[in-house]
Amino acid sequence: MEVSIEALEVKAERVFNPEKLNTVRRLLASYKEVRIKACVNPAASREVLDKMVKAVKKQCPIADSVVNQILPSS
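Conventions adopted
- Residues numbered from 1 in each chain as written.
- Predicted model: local features only at pLDDT ≥ 70, side-chain atom pairs only at ≥ 80, totals over all residues.
- Heavy atoms only, no water.
- Helix = DSSP H or I, 4+ residues; strand = E, 2+ residues; numbered from the N terminus.
- Buried < 20%, exposed > 50% of the residue type's maximum accessible area, 1.4 Å probe, protein only.
- Contact = heavy atoms within 4.5 Å.
- Areas by Shrake-Rupley, 256 points an atom, 1.4 Å probe, with all protein chains shown as cover.
- Salt bridge = Lys/Arg side-chain N within 4 Å of Asp/Glu carboxyl O.
- Patch = residues over 30% accessible without salt bridge, like charges linked within 9 Å, V, L, I, M, F, W, Y side chains within 5 Å.

Asker: Would you take a moment to explain the overall build of the chain for this structure?
Answerer: Helix and strand counts for the chain come out as two helices and two strands. Each helix and strand of the chain, placed in order from N terminus to C terminus, yields the pattern β-β-α-α. Taken over 74 residues, the chain has a buried fraction of 8%. Counting only contacts in the chain whose residues sit at least 6 apart along the sequence, the fraction spanning at least 24 positions is 53%. Total accessible area on the chain is roughly 6,800 Å²; 52% of this is exposed by carbon and sulfur atoms.

Pasting the structure below:
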């Protein structure tokens, strides 16, 4: 199943881990956590998106994370 994307916005948020900072070698510190949020505007009908949700629920190990972000039909 293919769906064209009209728009895509990705936001990344990270939590700095100062304990990993090595000032002697001037190495970059690592991050304790990185969160990614993707907002997708698909060029598809609600019917096509519903079919995709059903397929994701059956096959995807992270289905809850993906499916829960799809807005309910209006």
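Text resumes after the structure shown.
Asker: Where do I start with the pattern of salt bridges in this structure?
Answerer: One pass over the full model with this rule turns up four salt bridges. Between Lys11 and Glu9 there is a salt bridge; the shortest N-O distance is 3.6 Å. A relative accessible area of 47% places Lys11 in the partly exposed class. Residue classification places Glu9 among the partly exposed residues on the basis of a relative accessible area of 41%. Across the pair Arg35 and Glu13 runs a salt bridge, and its minimum N-O distance is 2.1 Å.

Asker: Quick question: what am I supposed to make of a nonpolar patch on the surface here?
Answerer: On the surface, a nonpolar cluster with roughly 590 Å² of combined accessible area is contributed by Ile5, Leu8, Val10, Val34, Ile36 and Val40. For the nonpolar patch, the secondary structure elements donating two or more residues are strand 1 (5–17) and strand 2 (30–42). Residue placement: Val40 occurs in strand 2.

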